[in-house]
Structures are given as C-alpha cells and as structure tokens.
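Structure assessment
One-letter residues, chain by chain:
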Amino acid sequence: GLIVERTSGISYAEYVRTQLFERAGMRDSRYCDASTVVPRRARGYQLGGQGLERAHYLDHTWPFAAGSLCSTVADLDAWNRALHGGKILGAGAYREMIAPGTLADGTTLGYAKGLGVGSLAGHPAIHHGGAISGFLSYVAWFPERELSIAVSVNTMGPVQPLDVVRAIARSVLGEPAARVARLEGKAADYVGEYRGVGGLGEEMVMHVSADSSGALLLQSPFSGPTPRPLTPLGEGTFGLDDNRVRFVREDGRVTGLSFDATYALIVLRRE
C-alpha cells in the first residue's frame, strides 16, 4: 500500500477506486471506513456462547492494503471477469501472476503471485479467499468455461465460502473424470506418523494409515479428526480434495511427505 502511494502520488484508497474498481466496473466497491454511511451495508457476525453476536470492532486502517475493501458478490464477479479478461493487467504481467511458484528443489506449488492455482472440485481454477472480522469470502475463476463464482458470508461460523464454491462448481461443471493411478509399492510403505513445523511455527502431526482394502488414509489438522482417503495420482503424489500430498523416498524408503494446501506447503518427516 505504501509503495502504491509513493509511486502513484495518490492515496491507496483513491488508487484502488480509480485504477481497479472503475476499470472493472465495480460500482458498489470502496475502501472501507467506519464513518461513511453506505445504504444496506451488511453487519458482520461471529459465533459466541449464546449463538450469533456482533463481530469485534475492527479499525480498517490496521489491515490497510491487506484487506479492508467493501464490496458485493456482483462486483467480485465483475472483478473476476476484468482481471482474467485483460482489463487490469497486460498479457505478460497476467501470465507471470498466475504462474505457479517453484521451490529450489523443483517442487511446483499450488500458489502463484497472490492467487491459488490448481483445481477446485476437480476442475482447473484460479482462486483465493478472504477473512476479516465478521466476514468470509471466496472468489474462483474456472478458465476452461470462463466461469466466475463469488461467495461472501457475513458470519464467521461453520459455513465456509470455499465449500459453497465447490458445491456450485460441481453443480455447473459436473463431476470431473476420475484420475486414479495404482498405489506404488505397498500400503505399509507409507503408514506411520509424520511430524514437523506448521505454517505458523507450531508443531504439526499427520497420521497415515491403511484400511482393510489397502487404501491409504490421512488424518491431519486440515481434514479434521476423521482419517480421509488418499487418491493415488502417480509418482508418489496423492489427492485429498483439492490438496496434494507428495511422499518423499530416500534409498527406496518413504521418509517424509509434503502437504500442499495452496496457501501453505507443510513438509514433515516420518517418525
């Protein structure tokens, strides 16, 4: 935000209004503030001990360029179509923006420059979510069909916009063709406990087990307490919803895994 202000010579709020919102035709979007009266402005809620309650107050100067934009789902759809339709960036800058990141060891990430790239509901997608006091949102673009999906809820509760995006995508695009490979080696090669550091510096543990048929199951903080089936995709890679789990072999033995959750790449060692 500060770089934008110094290079443009105008405030960040004015920049996003003139260079982004107006270009995209977003008539109901603005940089948020506490004093402006906005007709039909939604209030944010959170879950408390007695049910829903007003979300904690947030001074929008705190997040600054990391958020604090007020919008509507119609405007978010307009943003999707403008961004992916060439109204915001030139062709070269757009290609660079959506190019997946690559680590020094050659690992390709599910994240590019500020956007998730990969798949949602089994279909190629470019996407990102947002969360701020009392509000959750998710915006996705499915390039093969030029389908735009934007979901916003004004409650920080059990309803997750990403789940709604996936449900809409499945309804519109259908279920993807099955892409399943054979398990490489034996299930016992993978079974065990994997430990390491999570995205926030906390200790993270994931458990890999096998069911009676020999299929692999993963229990992780990302998928909840119930073990979830892993879908073999080949070359030591497995699918779990839209996430990717890659097992690492050293001298023929599985010694670790990497869990690509789009916004975080978790690397764990097998105990």
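Predicted, not measured: the structure shown is a model, and the values here were computed from it.

Calculation criteria
- Residues numbered from 1 in each chain as written.
- Predicted model: local features only at pLDDT ≥ 70, side-chain atom pairs only at ≥ 80, totals over all residues.
- Heavy atoms only, no water.
- Helix = DSSP H or I, 4+ residues; strand = E, 2+ residues; numbered from the N terminus.
- Buried < 20%, exposed > 50% of the residue type's maximum accessible area, 1.4 Å probe, protein only.
- Contact = heavy atoms within 4.5 Å.
- Areas by Shrake-Rupley, 256 points an atom, 1.4 Å probe, with all protein chains shown as cover.
- Lys, Arg positive; Asp, Glu negative; His and termini not counted.
- Charge placed at Lys NZ, Arg CZ, Asp CG, Glu CD.
- Pairing = 2+ DSSP bridges.
- Axes fitted to C-alpha atoms, helices over the stretch in contact; angles between N-to-C directions.
- Expected span 1.5 Å × (residues − 1).
- Bend = angle between axes of the 7 residues up to and from the residue.
- Salt bridge = Lys/Arg side-chain N within 4 Å of Asp/Glu carboxyl O.
- Polar contact = N/O pair within 3.5 Å; in protein donor to acceptor, adjacent residues only side chain to side chain.
- Core = buried A, V, L, I, M, F, W, Y, C linked by side-chain atoms within 4.5 Å.

A closer look at the overall build of the chain
Broken down by element type, the chain carries 5 helices and 18 strands. Along the first, second and third principal axes, the C-alpha set of the chain runs to 60 × 50 × 40 Å. Among the 271 residues that make up the chain, the fraction classed as buried is 35%. When contacts within the chain are restricted to residue pairs at least 6 apart in sequence, long-range pairs at least 24 apart make up 43% of them. Counting only carbon and sulfur atoms, one obtains 54% of the accessible surface of the chain, whose full area is about 15,500 Å². Each charge class in the chain was averaged separately, 27 positive and 28 negative side chains, and the resulting centres sit 4 Å apart.

As for the sheet that holds strand β17 (residues 253–260)
The strand order β13-β12-β11-β10-β18-β17-β16-β15-β14 describes an open sheet built from 9 strands, whose pairing is antiparallel. Unpaired on one side and paired on the other, β13 (224–229) and β14 (231–234) mark the two borders of the sheet. Strand-to-strand twist across the sheet, computed as the mean angle between neighbouring axes with direction ignored, equals 30°.

Considerations on the sheet that holds strand β3 (residues 51–54)
Read from one edge of the open sheet, 3 strands run β3-β2-β9, paired in mixed fashion. Looking at the sheet topology across the chains shown, the edges are occupied by β3 and β9 (155–156).

So, helix α2 (residues 12–24)
Its 13 residues place the ends of α2 17 Å apart at the C-alpha level, agreeing with the 18 Å of an ideal helix rising 1.5 Å per residue. Along α2, the helix axis deviates most sharply at Thr18, where the bend reaches about 25°. Taken residue by residue, α2 has Tyr12, Val16, Thr18, Phe21 and Ala24 as its buried positions. Those residues of α2 that are buried are in contact with α1 (2–8), β1 (30–31), β4 (69–70) and α3 (73–83). Residue Gly25 follows α2 closely and has a positive phi angle near 75°.

Focus: the pairing of strand β8 (residues 147–153)
Side chains on a regular strand alternate between the two faces of the sheet. Counted residue by residue, β8 has 6 buried out of 7 residues, so it is predominantly covered. In the sheet, strand β7 (residues 135–142) pairs with β8 via 7 bridges, with the strands oriented antiparallel. In the sheet register, Tyr138 faces β8, and the bridge partner there is Val151. Linking β7 back to β8 in an antiparallel pair, the connection comprises 4 residues, with Glu146 at a positive phi of about 50°.

Regarding the pattern of salt bridges
Inspection of the entire model under this criterion finds 11 salt bridges. The partner of Glu193 in a salt bridge is Arg195, and the shortest N-O contact between them spans 2.8 Å. Between Glu250 and Arg269 there is a salt bridge whose closest N-O contact spans 3.2 Å. Of this pair, Glu250 sits in strand β16 (residues 243–250) while Arg269 sits in strand β18 (residues 265–270); the two residues are 19 residues apart in sequence, bridging distant segments of the chain. What emerges from the salt-bridge pattern is a single network uniting Glu14, Arg17 and Glu22.

Regarding the environment of Gln219
Looking at the secondary structure, you find Gln219 in strand β12 (residues 216–220). Put simply, Gln219 and Val208 are 11 residues apart on the chain and 6.6 Å apart in space, counted from C-alpha to C-alpha. Among all residues touching Gln219, those that are not within four sequence positions of it are Val205, Met206, His207, Gly224, Pro225 and Pro227. A distance of 3.2 Å separates a polar atom in the side chain of Gln219 from the backbone oxygen of Gly224.

Some thoughts on the nonpolar core
Of all hydrophobic cores here, the largest spans 19 residues; its most connected members are Phe247, Leu257 and Phe259. Only β11 (203–210), β12, β15 (237–240), β16, β17 and β18 provide two or more residues apiece to this core. With residues up to four places along the chain from it excluded, the contact list for Leu257 reads Tyr194, Met206, Val208, Val245, Arg246, Phe247, Val248, Ile266, Val267 and Leu268. Core analysis: the next-biggest nonpolar cluster, separate from the first, contains 17 residues, Tyr12, Leu83, Ile88 and Leu115 among them.

Remarks on the side chain of Arg166
Relative to the elements of secondary structure, Arg166 occurs in helix α5 (residues 161–173). With a relative accessible area of 14%, Arg166 lands in the buried category. Side-chain polar atoms of Arg166 contact the side chain of Asp242, separated by 2.7 Å.

Thoughts on unusual backbone geometry
The backbone of Ser68 shows a phi angle near 65°, a positive value even though the residue is not glycine. Inspection of the secondary structure assignment puts Ser68 in the loop between β3 and β4. Judged by its relative accessible area of 3%, Ser68 falls in the buried class. At Glu146, a position not held by glycine, the phi torsion is positive, near 50°. Position of Glu146 among the secondary structure elements: in the loop between β7 and β8.

Everything listed is a geometric property; what it means functionally is a separate question.
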